[in-house]
Amino acid sequence: MSNKMDRPLVTVDGRTLMDRPLEPPNFVVDTLISQGLHILAGSPKVGKSWLPCGWR
């Protein structure tokens with residue numbers, strides 16, 4: 001079994017990162033929610049649990 005620590009850490013410097021072309025985002029809901037990590041946060045009892053159910 002391979003251990004994660006056996007592989008070397010691959011790094012990218014700032015210049016290389018800035019020169020890399022970016023792909024346009026893929027949207028789950030047109031121009032509103034793109035693919036990736038999203039945090040749904042807000043005050044208690046404002047409908048956070050119902051909001052994801054409404055996208056079906």
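Please read all numbers here as calculations on a predicted model, not as lab measurements.

Visitor: An account of the overall build of the chain is requested, with residue identities and associated values reported.
Guide: Secondary structure summary: the chain contains one helix and two strands in total. In sequence order, the secondary structure elements of the chain are arranged as α-β-β. The proportion of buried residues among the 56 residues of the chain is 0%. Summed over its atoms, the accessible surface of the chain is roughly 6,100 Å², and 60% of this surface lies on carbon and sulfur atoms.

Visitor: Describe the pattern of salt bridges, naming the residues involved and giving the relevant values.
Guide: As enumerated under the stated definition, the model contains one salt bridge in all. One salt bridge connects Asp19 with Arg15, and the closest N-O pair in it is separated by 3.8 Å. You can see Asp19 and its partner Arg15 sitting in helix H1 (residues 14-19), four residues apart, about one turn around the helix. With respect to class, Asp19 is no different from Arg15; both count as exposed.

Visitor: Report on unusual backbone geometry, specifying residues and quantitative values.
Guide: Even without being a glycine, Thr31 presents a positive backbone phi close to 55 degrees. Within the fold, Thr31 resides in the loop between strand E1 (27-29) and strand E2 (33-34). Residue Thr31 is classed as exposed on the basis of its relative accessible area of 70%. Even without being glycine, Lys45 reaches a positive phi, approximately 65 degrees.

Visitor: Can you break down the confidence of the model for the chain residue by residue, with the values?
Guide: With 82% of its residues at a pLDDT of 70 or more, the chain shows a mean pLDDT of 81. Least confident of the elements in the chain is E2, whose mean pLDDT is 83; most confident is H1, at 93.

Criteria and thresholds
Residues numbered from 1 in each chain as written. Predicted model: local features only at pLDDT ≥ 70, side-chain atom pairs only at ≥ 80, totals over all residues. Heavy atoms only, no water. Helix = DSSP H or I, 4+ residues; strand = E, 2+ residues; numbered from the N terminus. Buried < 20%, exposed > 50% of the residue type's maximum accessible area, 1.4 Å probe, protein only. Areas by Shrake-Rupley, 256 points an atom, 1.4 Å probe, with all protein chains shown as cover. Salt bridge = Lys/Arg side-chain N within 4 Å of Asp/Glu carboxyl O. pLDDT = per-residue confidence, 0-100.

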